[in-house]
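# Secondary and tertiary structure notes
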Amino acid sequence: MLRIGSLQLNHWVVLAPMAGITNLPFRLMVKGQGAALVFTEMVSAKGLTLKQARTMGYLKTDPMERPLAAQIFGSEPLVMAKAAELIWDMGLDVLDINVGCPVKRVTKTGAGAALLASPEQLIRITREVRRAWPGPLTAKLRAGWKRPELVAPEIAKQLEEAGVDALTIHPRYAKDGLSGKSDWSIIRRVKASVSIPVIGNGDVFRPEDAIKMKETTGCDGVMIGRGAIGNPWIFRQIRDMGAGTKPIKPDLKERREFIVRHFQLLSKFTGQERAARMMRGLLFWYTKGLPHSGRFRGSIGRIKDIKSLHQAMDTYFAALEDQPQ
Ligand SMILES: Cc1cc2nc3c(=O)[nH]c(=O)nc-3n(C[C@H](O)[C@H](O)[C@H](O)COP(=O)(O)O)c2cc1C
């Protein structure tokens, strides 16, 4: 089991923060499949302190998804601390500092992965946030800014000293974006450098990958990002595997019901038109690897509301059910 400060989780597998993806409906769907902890997408500390409506919207929550970790990014210690106070007042469970976002819009302000190249500033931020946030505090970092400058093990030590309760390591360099393969040996090195729990992240696409990451690196938790898009069942399957039972794949009925439920939640959260737009993107993932998904994708563009979603799925799933299983 994974423990983050005072928070005892009921398992060690967690959902990664993903901008544009891990909104409240997505988190609720994944939570229902067994993720022990879910993260918001990264939220601008500055936007929060300015109470920008859009920024505040990222922190909307629901009792069903708790515990929830809110991830913030920023480069100014006092602004980050103020954001932490605001999030504490909202009653959220875990606060996570983004030390990994490689996107220029973020790094050019000195935030995200740029902090890997300015460890003193990162530690100043962490100390201020620690003062402002009494609850479980985490940070999510990459291996370093650019290879071969591996700074994560040393930075992890400093973060621990500054009061962070657990760390996530995504072992790629900022300059590498999401290309190549994550280097899990770095997870092991970070784990060896600290005594707080370490969550490993990177390229877990099958339940076996999660078990393997835990076994080969000694990490305390496993975080899944892209592997959960269109495949929320991975969390349940990992729990099954860990418990020694055979992981069960969702059948067509479950898959279909899941898609509809996701659309309904999205509609409630953002309105039907926006939900349809988001769902068109997600359906690509939900049908990945299924027979004739290419043909189905042709009809995805016509989905505008729940009725057209049902129509598209009626045609596709009826054809699938006719397939020999
Ligand atoms: C679309 C997308 C958005 C992401 N947004 C964030 C983010 O807001 N904060 C963050 O720390 N990482 C973000 N990441 C990185 C993931 O959390 C994760 O570290 C990375 O995808 C590697 O894990 P994976 O191989 O399981 O996907 C994002 C990744 C993707 C694909």
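Attention here is on the structure that accompanies the text. (Residues numbered from 1 in each chain as written. Predicted model: local features only at pLDDT ≥ 70, side-chain atom pairs only at ≥ 80, totals over all residues. Heavy atoms only, no water.)

So, on to the sheet that holds strand 9 (residues 198-201). Across the sheet, eight strands lie side by side as 3-10-9-8-7-6-5-4; this open sheet has parallel pairing. Looking along the sheet, the strands with just one partner apiece sit at the ends: strand 3 (13-15) and strand 4 (38-44). For this sheet, the mean angle separating the axes of adjacent strands, direction not counted, is 30°. Of the pairings in the sheet, the one linking strand 4 to strand 5 (residues 68-73) comprises five bridges and is parallel in character. (Pairing = 2+ DSSP bridges. Helix = DSSP H or I, 4+ residues; strand = E, 2+ residues; numbered from the N terminus. Axes fitted to C-alpha atoms, helices over the stretch in contact; angles between N-to-C directions.)

Let us look at the site of the ligand. If you check the shell around the ligand, you find 16 residues, and the closest are Ala19, Gln71, Asn201, Asp203 and Arg226. Met42 places a main-chain nitrogen or oxygen 3.2 Å from an oxygen atom of the ligand. Within the backbone of Gly225, an N or O atom sits 2.8 Å from an oxygen atom of the ligand. Bound to the protein, the ligand loses 85% of the 610 Å² it would expose on its own. In terms of residue class, the shell around the ligand is built from seven nonpolar, six polar and three charged. (Near = heavy atom within 4 Å. Polar contact = N/O pair within 3.5 Å; in protein donor to acceptor, adjacent residues only side chain to side chain. Areas by Shrake-Rupley, 256 points an atom, 1.4 Å probe, with all protein chains shown as cover. Nonpolar A, V, L, I, M, F, W, Y, C, P; charged D, E, K, R; others polar.)

Turning to helix 10 (residues 233-242), a few remarks are in order. Of all the residues in helix 10, the buried ones are Trp233, Ile234, Phe235, Gln237, Ile238 and Asp240. Considering only its buried residues, helix 10 is in contact with strand 3, helix 1 (24-31), helix 9 (207-217), strand 10 (221-224), helix 11 (252-270) and helix 12 (272-286). Once helix 10 ends, the next one or two residues include Gly244, with phi positive near 85°. (Buried < 20%, exposed > 50% of the residue type's maximum accessible area, 1.4 Å probe, protein only. Contact = heavy atoms within 4.5 Å.)

Ile87, Leu95, Val129, Leu159, Leu167, Ile224 and Phe235 are the most contacted members of the largest nonpolar core, which totals 108 residues. No other element matches helix 11, which puts seven residues into this core. Each of domain 1 (3-242) and domain 2 (252-321) accounts for three or more of the residues forming this core. Here Val129 is in contact with Met80, Ala81, Ala84, Leu95, Ile97 and Leu137, once residues within four sequence places are set aside. Formed by five residues, the second largest nonpolar core is a distinct cluster that contains Met42, Phe73, Val106 and Ala111. (Core = buried A, V, L, I, M, F, W, Y, C linked by side-chain atoms within 4.5 Å. Domains from an automatic or database assignment.)

Enumeration over the complete set of coordinates arrives at 16 salt bridges. One salt bridge in this structure joins Asp209 and Arg206, with 2.8 Å as the shortest N-O distance. What makes Asp209 buried here is its relative accessible area of 10%. Here the salt bridges do not stand alone but share partners, grouping Arg172, Asp203 and Arg226 into one network. (Salt bridge = Lys/Arg side-chain N within 4 Å of Asp/Glu carboxyl O.)

Further remarks concern helix 12. The sharpest bend along helix 12 comes to roughly 30°, located at Arg280. Regarding helix 12, the residues found buried are Ala275, Ala276, Met279, Leu282, Leu283 and Tyr286. Each element contacted by the buried residues of helix 12 is listed here: helix 1, helix 10, helix 11, helix 13 (293-300) and helix 14 (306-321). (Bend = angle between axes of the 7 residues up to and from the residue.)

In this fold, Arg256 is placed in helix 11. At 3.3 Å, the side chain of Arg256 and the side chain of His310 are in polar contact.

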